[in-house]
Amino acid sequence: MADGSGVEQARALQEQRGCGQRLRDAREAAGLSVADVAARLKMPVRIVEALESEDWARIGAPVFVRGQLRSYSRLLGLPVEPVQNASGVAPIEPTRLVAHWRTPWLQRIADQVGGRLVYIVITALIILPVWVATRSHLDSGDELAAPLDVPADKLAAAHQADASAQPAVREPSTVVASMVPPRQSTPAAAPASAAPELSLRFSDDSWVQIRAKDGSTLEEALLKSGESRSYPAADVGRVVLGNAKAVEVQRNGQAQDLTPFMRASVARFTVSSDGALAPVSD
(Lines give C-alpha, C1' and ligand atoms only; values in the text may rest on other atoms or scores of the structure.)
Protein backbone atom coordinates (compact mmCIF):
# COMPACT_ATOMS: atom_id res chain seq x y z
CA MET A 1 0.00 0.00 0.00
CA ALA A 2 2.88 2.35 0.80
CA ASP A 3 4.46 1.77 -2.62
CA GLY A 4 1.17 2.46 -4.41
CA SER A 5 0.65 5.67 -2.46
CA GLY A 6 4.19 6.81 -3.34
CA VAL A 7 3.59 6.23 -7.04
CA GLU A 8 0.35 8.22 -6.91
CA GLN A 9 2.07 11.09 -5.08
CA ALA A 10 4.91 11.12 -7.63
CA ARG A 11 2.41 11.19 -10.48
CA ALA A 12 0.49 14.06 -8.83
CA LEU A 13 3.70 16.04 -8.38
CA GLN A 14 4.62 15.38 -12.02
CA GLU A 15 1.25 16.74 -13.20
CA GLN A 16 1.59 19.86 -10.99
CA ARG A 17 4.90 20.82 -12.53
CA GLY A 18 4.90 23.11 -15.54
CA CYS A 19 5.86 21.95 -18.98
CA GLY A 20 9.19 23.77 -18.76
CA GLN A 21 10.25 21.86 -15.65
CA ARG A 22 9.17 18.59 -17.25
CA LEU A 23 11.31 19.28 -20.29
CA ARG A 24 14.29 20.30 -18.18
CA ASP A 25 14.09 17.19 -15.97
CA ALA A 26 13.74 14.91 -19.01
CA ARG A 27 16.69 16.59 -20.74
CA GLU A 28 18.94 16.25 -17.68
CA ALA A 29 17.85 12.66 -17.20
CA ALA A 30 18.84 11.96 -20.82
CA GLY A 31 22.25 13.55 -20.23
CA LEU A 32 21.73 16.30 -22.83
CA SER A 33 22.71 19.94 -22.58
CA VAL A 34 20.75 22.88 -23.94
CA ALA A 35 23.24 23.14 -26.80
CA ASP A 36 22.77 19.45 -27.63
CA VAL A 37 19.00 19.89 -27.86
CA ALA A 38 19.37 23.03 -29.99
CA ALA A 39 21.68 21.20 -32.40
CA ARG A 40 19.38 18.18 -32.75
CA LEU A 41 16.23 20.25 -33.26
CA LYS A 42 18.06 22.83 -35.44
CA MET A 43 16.74 25.74 -33.40
CA PRO A 44 18.49 28.62 -31.58
CA VAL A 45 19.66 28.04 -28.00
CA ARG A 46 17.48 30.95 -26.84
CA ILE A 47 14.36 29.10 -28.05
CA VAL A 48 15.27 26.01 -25.99
CA GLU A 49 15.88 28.21 -22.95
CA ALA A 50 12.56 30.00 -23.54
CA LEU A 51 10.72 26.65 -23.67
CA GLU A 52 12.21 25.49 -20.36
CA SER A 53 11.52 28.86 -18.70
CA GLU A 54 8.03 29.04 -20.30
CA ASP A 55 8.82 32.47 -21.75
CA TRP A 56 6.35 32.25 -24.65
CA ALA A 57 6.78 35.90 -25.64
CA ARG A 58 10.30 35.15 -26.93
CA ILE A 59 8.97 32.46 -29.27
CA GLY A 60 6.05 34.18 -30.98
CA ALA A 61 2.49 33.18 -31.83
CA PRO A 62 0.76 30.34 -29.91
CA VAL A 63 0.92 28.00 -32.89
CA PHE A 64 4.74 28.33 -32.93
CA VAL A 65 4.92 27.62 -29.18
CA ARG A 66 2.86 24.44 -29.54
CA GLY A 67 4.94 23.32 -32.51
CA GLN A 68 8.24 23.78 -30.65
CA LEU A 69 6.85 21.98 -27.59
CA ARG A 70 5.81 19.09 -29.85
CA SER A 71 9.31 18.78 -31.33
CA TYR A 72 11.02 19.03 -27.92
CA SER A 73 8.69 16.45 -26.32
CA ARG A 74 9.20 13.95 -29.13
CA LEU A 75 12.98 14.34 -28.87
CA LEU A 76 12.88 13.49 -25.14
CA GLY A 77 10.24 10.75 -25.51
CA LEU A 78 7.58 12.63 -23.52
CA PRO A 79 3.86 12.46 -24.37
CA VAL A 80 3.07 15.53 -26.46
CA GLU A 81 -0.48 16.33 -25.37
CA PRO A 82 0.16 16.55 -21.58
CA VAL A 83 3.14 18.84 -22.17
CA GLN A 84 1.13 21.13 -24.44
CA ASN A 85 -1.79 21.19 -22.00
CA ALA A 86 0.57 22.07 -19.12
CA SER A 87 1.87 25.06 -21.09
CA GLY A 88 -1.52 26.78 -20.96
CA VAL A 89 -1.27 27.70 -24.65
CA ALA A 90 -4.58 26.95 -26.33
CA PRO A 91 -4.71 25.65 -29.93
CA ILE A 92 -5.69 28.08 -32.66
CA GLU A 93 -9.26 27.67 -33.86
CA PRO A 94 -9.80 28.13 -37.64
CA THR A 95 -11.87 31.07 -38.80
CA ARG A 96 -15.58 30.29 -38.94
CA LEU A 97 -17.21 30.87 -42.30
CA VAL A 98 -20.80 32.13 -42.55
CA ALA A 99 -22.93 30.61 -45.29
CA HIS A 100 -24.34 33.01 -47.87
CA TRP A 101 -27.89 31.79 -47.30
CA ARG A 102 -27.79 33.30 -43.80
CA THR A 103 -27.70 36.81 -45.31
CA PRO A 104 -31.20 38.37 -45.25
CA TRP A 105 -32.84 38.24 -48.67
CA LEU A 106 -33.72 41.93 -48.52
CA GLN A 107 -30.04 42.77 -48.10
CA ARG A 108 -29.08 40.52 -51.04
CA ILE A 109 -31.70 42.19 -53.27
CA ALA A 110 -30.57 45.66 -52.17
CA ASP A 111 -26.94 44.79 -52.95
CA GLN A 112 -27.85 43.50 -56.43
CA VAL A 113 -30.03 46.52 -57.28
CA GLY A 114 -27.41 48.93 -55.96
CA GLY A 115 -24.70 47.33 -58.09
CA ARG A 116 -26.84 47.55 -61.23
CA LEU A 117 -27.76 51.18 -60.56
CA VAL A 118 -24.11 52.10 -60.19
CA TYR A 119 -23.36 50.39 -63.50
CA ILE A 120 -26.21 52.25 -65.26
CA VAL A 121 -25.15 55.64 -63.86
CA ILE A 122 -21.53 55.15 -64.92
CA THR A 123 -22.60 54.07 -68.41
CA ALA A 124 -24.87 57.11 -68.76
CA LEU A 125 -22.10 59.47 -67.64
CA ILE A 126 -19.84 58.04 -70.35
CA ILE A 127 -22.37 57.93 -73.21
CA LEU A 128 -24.26 61.21 -72.62
CA PRO A 129 -21.34 63.64 -73.32
CA VAL A 130 -20.41 61.67 -76.44
CA TRP A 131 -23.99 61.76 -77.71
CA VAL A 132 -24.36 65.52 -77.07
CA ALA A 133 -21.10 66.32 -78.85
CA THR A 134 -22.01 64.13 -81.82
CA ARG A 135 -25.54 65.55 -82.05
CA SER A 136 -24.39 69.18 -82.09
CA HIS A 137 -21.87 68.37 -84.82
CA LEU A 138 -24.51 66.70 -86.99
CA ASP A 139 -26.96 69.59 -86.55
CA SER A 140 -24.36 72.18 -87.59
CA GLY A 141 -23.41 70.04 -90.57
CA ASP A 142 -27.05 69.87 -91.70
CA GLU A 143 -27.37 73.67 -91.62
CA LEU A 144 -24.20 74.29 -93.62
CA ALA A 145 -24.50 71.46 -96.12
CA ALA A 146 -25.70 72.38 -99.61
CA PRO A 147 -27.61 69.93 -101.84
CA LEU A 148 -25.30 68.62 -104.52
CA ASP A 149 -27.76 66.49 -106.47
CA VAL A 150 -30.25 69.28 -107.46
CA PRO A 151 -30.05 70.43 -111.15
CA ALA A 152 -28.91 74.01 -111.79
CA ASP A 153 -32.18 75.14 -113.45
CA LYS A 154 -34.33 73.90 -110.58
CA LEU A 155 -31.98 75.52 -108.08
CA ALA A 156 -32.24 78.89 -109.96
CA ALA A 157 -36.05 78.64 -110.05
CA ALA A 158 -36.11 78.02 -106.34
CA HIS A 159 -33.98 81.11 -105.74
CA GLN A 160 -36.30 83.24 -107.92
CA ALA A 161 -39.35 81.99 -105.99
CA ASP A 162 -37.70 82.89 -102.72
CA ALA A 163 -36.79 86.35 -104.06
CA SER A 164 -40.37 87.04 -105.20
CA ALA A 165 -41.81 85.91 -101.90
CA GLN A 166 -39.49 88.11 -99.85
CA PRO A 167 -39.09 91.79 -100.75
CA ALA A 168 -35.88 92.21 -98.89
CA VAL A 169 -32.73 90.83 -100.46
CA ARG A 170 -31.01 88.37 -98.17
CA GLU A 171 -27.27 88.24 -98.46
CA PRO A 172 -25.87 84.77 -98.64
CA SER A 173 -24.17 83.56 -95.50
CA THR A 174 -20.45 83.22 -95.71
CA VAL A 175 -18.89 79.94 -94.80
CA VAL A 176 -15.23 80.13 -93.88
CA ALA A 177 -13.26 77.00 -94.50
CA SER A 178 -10.56 76.34 -91.94
CA MET A 179 -7.05 75.62 -93.28
CA VAL A 180 -5.93 74.11 -90.01
CA PRO A 181 -5.48 70.35 -90.37
CA PRO A 182 -7.55 68.21 -88.06
CA ARG A 183 -5.95 67.42 -84.75
CA GLN A 184 -4.45 63.98 -84.60
CA SER A 185 -5.43 61.87 -81.64
CA THR A 186 -2.61 61.38 -79.18
CA PRO A 187 -1.78 57.71 -78.67
CA ALA A 188 -2.49 56.47 -75.19
CA ALA A 189 0.48 56.20 -72.93
CA ALA A 190 1.79 52.73 -72.31
CA PRO A 191 0.63 51.34 -68.97
CA ALA A 192 3.12 51.44 -66.18
CA SER A 193 4.76 48.22 -65.20
CA ALA A 194 2.92 46.27 -62.59
CA ALA A 195 4.01 46.80 -58.99
CA PRO A 196 6.08 43.98 -57.43
CA GLU A 197 3.87 41.30 -55.85
CA LEU A 198 4.52 38.64 -53.21
CA SER A 199 2.43 35.43 -53.53
CA LEU A 200 2.07 32.48 -51.13
CA ARG A 201 0.70 29.04 -52.14
CA PHE A 202 0.05 26.33 -49.52
CA SER A 203 0.41 22.60 -50.20
CA ASP A 204 -0.29 21.79 -46.52
CA ASP A 205 -1.64 23.56 -43.42
CA SER A 206 0.67 26.29 -42.16
CA TRP A 207 0.50 29.18 -39.72
CA VAL A 208 1.43 32.57 -41.26
CA GLN A 209 2.16 35.97 -39.79
CA ILE A 210 2.38 38.90 -42.22
CA ARG A 211 3.56 42.23 -40.80
CA ALA A 212 3.44 45.59 -42.61
CA LYS A 213 6.45 47.86 -42.77
CA ASP A 214 5.03 49.96 -39.90
CA GLY A 215 4.69 46.85 -37.71
CA SER A 216 0.93 46.44 -38.05
CA THR A 217 -0.55 42.98 -38.76
CA LEU A 218 -1.72 42.31 -42.32
CA GLU A 219 -2.66 38.67 -41.64
CA GLU A 220 -2.16 36.15 -38.83
CA ALA A 221 -4.00 32.87 -39.27
CA LEU A 222 -3.77 29.13 -39.88
CA LEU A 223 -4.17 28.68 -43.64
CA LYS A 224 -5.29 25.38 -45.11
CA SER A 225 -3.81 23.28 -47.89
CA GLY A 226 -4.72 24.60 -51.34
CA GLU A 227 -5.17 28.21 -50.24
CA SER A 228 -3.12 31.11 -51.63
CA ARG A 229 -2.46 34.73 -50.71
CA SER A 230 -1.04 37.72 -52.64
CA TYR A 231 0.24 41.01 -51.23
CA PRO A 232 1.84 44.12 -52.80
CA ALA A 233 5.53 43.91 -51.98
CA ALA A 234 5.55 47.58 -50.95
CA ASP A 235 3.07 46.79 -48.12
CA VAL A 236 4.88 43.77 -46.61
CA GLY A 237 7.65 44.23 -44.06
CA ARG A 238 8.15 40.86 -42.35
CA VAL A 239 6.88 37.29 -42.91
CA VAL A 240 6.87 34.25 -40.60
CA LEU A 241 5.84 30.81 -41.95
CA GLY A 242 5.23 27.99 -39.43
CA ASN A 243 5.38 25.09 -41.90
CA ALA A 244 7.66 26.68 -44.47
CA LYS A 245 8.29 23.44 -46.42
CA ALA A 246 4.60 23.44 -47.43
CA VAL A 247 4.60 27.05 -48.65
CA GLU A 248 5.73 28.21 -52.09
CA VAL A 249 6.74 31.89 -52.09
CA GLN A 250 6.74 33.68 -55.44
CA ARG A 251 8.03 37.11 -56.32
CA ASN A 252 6.33 38.41 -59.47
CA GLY A 253 5.56 34.82 -60.48
CA GLN A 254 9.09 33.48 -59.78
CA ALA A 255 9.56 30.94 -56.96
CA GLN A 256 11.91 32.00 -54.13
CA ASP A 257 14.31 29.74 -52.19
CA LEU A 258 13.41 29.79 -48.45
CA THR A 259 16.34 27.62 -47.32
CA PRO A 260 18.49 30.58 -46.10
CA PHE A 261 15.60 31.77 -43.88
CA MET A 262 14.49 28.40 -42.35
CA ARG A 263 15.14 27.09 -38.85
CA ALA A 264 13.35 23.98 -37.61
CA SER A 265 10.73 24.21 -40.41
CA VAL A 266 10.00 27.87 -39.53
CA ALA A 267 10.98 30.55 -42.05
CA ARG A 268 11.43 34.20 -41.09
CA PHE A 269 12.36 36.90 -43.60
CA THR A 270 11.82 40.54 -44.50
CA VAL A 271 10.55 41.91 -47.82
CA SER A 272 11.90 45.00 -49.57
CA SER A 273 9.77 47.37 -51.65
CA ASP A 274 10.80 45.56 -54.85
CA GLY A 275 9.89 42.13 -53.41
CA ALA A 276 13.42 40.93 -52.56
CA LEU A 277 13.67 38.58 -49.54
CA ALA A 278 16.25 39.11 -46.77
CA PRO A 279 16.92 37.34 -43.44
CA VAL A 280 15.55 38.78 -40.20
CA SER A 281 18.17 40.47 -38.07
CA ASP A 282 17.69 39.45 -34.43
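Residues numbered from 1 in each chain as written. Predicted model: local features only at pLDDT ≥ 70, side-chain atom pairs only at ≥ 80, totals over all residues. Heavy atoms only, no water.

Undergrad: When you look at the pattern of salt bridges in this model, what are you seeing that I'm missing?
TA: For side chains bearing opposite charge, pairing can occur when the charged atoms are close. Evaluated as defined, the whole model comprises six salt bridges. Across the pair lysine 224 and aspartate 205 runs a salt bridge, and its minimum N-O distance is 3.9 Å. Of the two residues, lysine 224 sits in the loop between strand 3 (217-223) and strand 4 (228-232) while aspartate 205 sits in the loop between strand 1 (197-202) and strand 2 (206-212), which places them 19 residues apart along the sequence. Classification of aspartate 205 as partly exposed rests on a relative accessible area of 32%. What emerges from the salt-bridge pattern is a single network uniting Arg24, Arg27 and Glu52. (Salt bridge = Lys/Arg side-chain N within 4 Å of Asp/Glu carboxyl O. Helix = DSSP H or I, 4+ residues; strand = E, 2+ residues; numbered from the N terminus. Buried < 20%, exposed > 50% of the residue type's maximum accessible area, 1.4 Å probe, protein only.)

Undergrad: I tried to follow the environment of alanine 26 on my own but got confused; where do I start?
TA: Position of alanine 26 relative to the elements: it lies in helix 2 (residues 19-29). Residue class for alanine 26 comes out buried when judged on its relative accessible area of 18%. Sequence separation of alanine 26 and leucine 78 is 52 residues, and the distance between their C-alpha atoms is 8.0 Å. Beyond its immediate sequence surroundings of up to four residues, alanine 26 is in contact with Leu76 and Leu78. (Contact = heavy atoms within 4.5 Å.)

Undergrad: What is the right way to look at the side chain of serine 199 in this model?
TA: Counting through the fold element by element, serine 199 comes out in strand 1. In terms of polar contacts, serine 199 uses its side chain to reach the side chain of serine 230, at 3.3 Å. In this structure, serine 199 is in contact with Arg229, Ser230, Glu248, Val249 and Gln250, ignoring residues within four places of it in sequence. (Polar contact = N/O pair within 3.5 Å; in protein donor to acceptor, adjacent residues only side chain to side chain.)

Undergrad: Whenever I open this one, the nonpolar core confuses me. Can you help?
TA: Counting 26 residues, the largest nonpolar core has Leu23, Val48, Leu51, Trp56, Ile59, Leu69 and Tyr72 as its most contacted members. Elements represented by at least two residues in this core include exactly helix 2, helix 3 (34-41), helix 4 (45-53) and helix 5 (62-76). Top contributing element to this core by residue count: helix 5, with five residues. With sequence-adjacent residues up to four places away left out, tyrosine 72 is seen in contact with Leu23, Arg27, Val37, Leu41, Val48, Leu51 and Glu52. Core analysis: the second largest hydrophobic core is formed by 21 residues, Leu200, Ala233, Ala267 and Val271 among them. (Core = buried A, V, L, I, M, F, W, Y, C linked by side-chain atoms within 4.5 Å.)

Undergrad: Help me out: how do you make sense of a nonpolar patch on the surface in this one?
TA: Taken together, the side chains of Trp105, Leu106, Ile109, Val113, Leu117, Tyr119 and Ile120 present a nonpolar region at the surface, about 780 Å² in accessible area. Note that leucine 117 resides in helix 7 (residues 105-144). (Patch = residues over 30% accessible without salt bridge, like charges linked within 9 Å, V, L, I, M, F, W, Y side chains within 5 Å. Areas by Shrake-Rupley, 256 points an atom, 1.4 Å probe, with all protein chains shown as cover.)

Undergrad: Teacher, can you tell me more about helix 4 here?
TA: Each full turn of the α-helix corresponds to 3.6 residues, which orients residues three or four apart in the same direction. For helix 4, the set of buried residues is Ile47, Val48, Ala50, Leu51 and Glu52. Lining the buried residues of helix 4 we find helix 2, helix 3 and helix 5. Following helix 4 by one or two positions, glutamate 54 has its phi on the positive side, about 60 degrees.

Undergrad: What is the right way to look at the packing of helix 2 against helix 4 in this model?
TA: The packing of two helices is summarised by the inter-axis angle and the distance between the axes. At a closest axis distance of 6 Å, the pairing of helix 2 and helix 4 adopts a crossing angle of 120 degrees. It follows that helix 2 is oblique to helix 4 by the angle criterion. Touching Gly20, Gln21, Leu23, Arg24 and Arg27 of helix 2 are Leu51, Glu52 and Ser53, all from helix 4. Split by residue class, the contact of helix 2 with helix 4 holds two nonpolar, three polar and three charged. (Axes fitted to C-alpha atoms, helices over the stretch in contact; angles between N-to-C directions. Parallel < 35°, antiparallel > 145°, perpendicular 65-115°, else oblique. Nonpolar A, V, L, I, M, F, W, Y, C, P; charged D, E, K, R; others polar.)

Undergrad: I would appreciate a short explanation of helix 3 in the present structure.
TA: For helix 3, the full list of buried residues reads Val34, Val37, Ala38 and Leu41. For helix 3, the angular spread of the buried residues around the axis is 100 degrees, confining them to a single face. Opposite the buried face of helix 3, by more than 90 degrees, sit the exposed residues Ala39 and Arg40. As for helix 3, its buried residues are in contact with helix 2, helix 4 and helix 5. (Arc of directions from axis to C-beta.)

Undergrad: Honestly, the sheet that holds strand 7 (residues 254-255) in this entry has me stumped. Any pointers?
TA: If you walk across this open sheet you meet the four strands as 4-1-6-7, and the pairing is antiparallel. Every other strand in the sheet has two partners, leaving strand 4 and strand 7 as the edge strands with one partner each. Sheet topology note: the strand 6 (residues 247-251)/strand 7 ladder contains two bridges and is antiparallel. Bridge pairing in strand 7 links glutamine 250 to alanine 255. (Pairing = 2+ DSSP bridges.)

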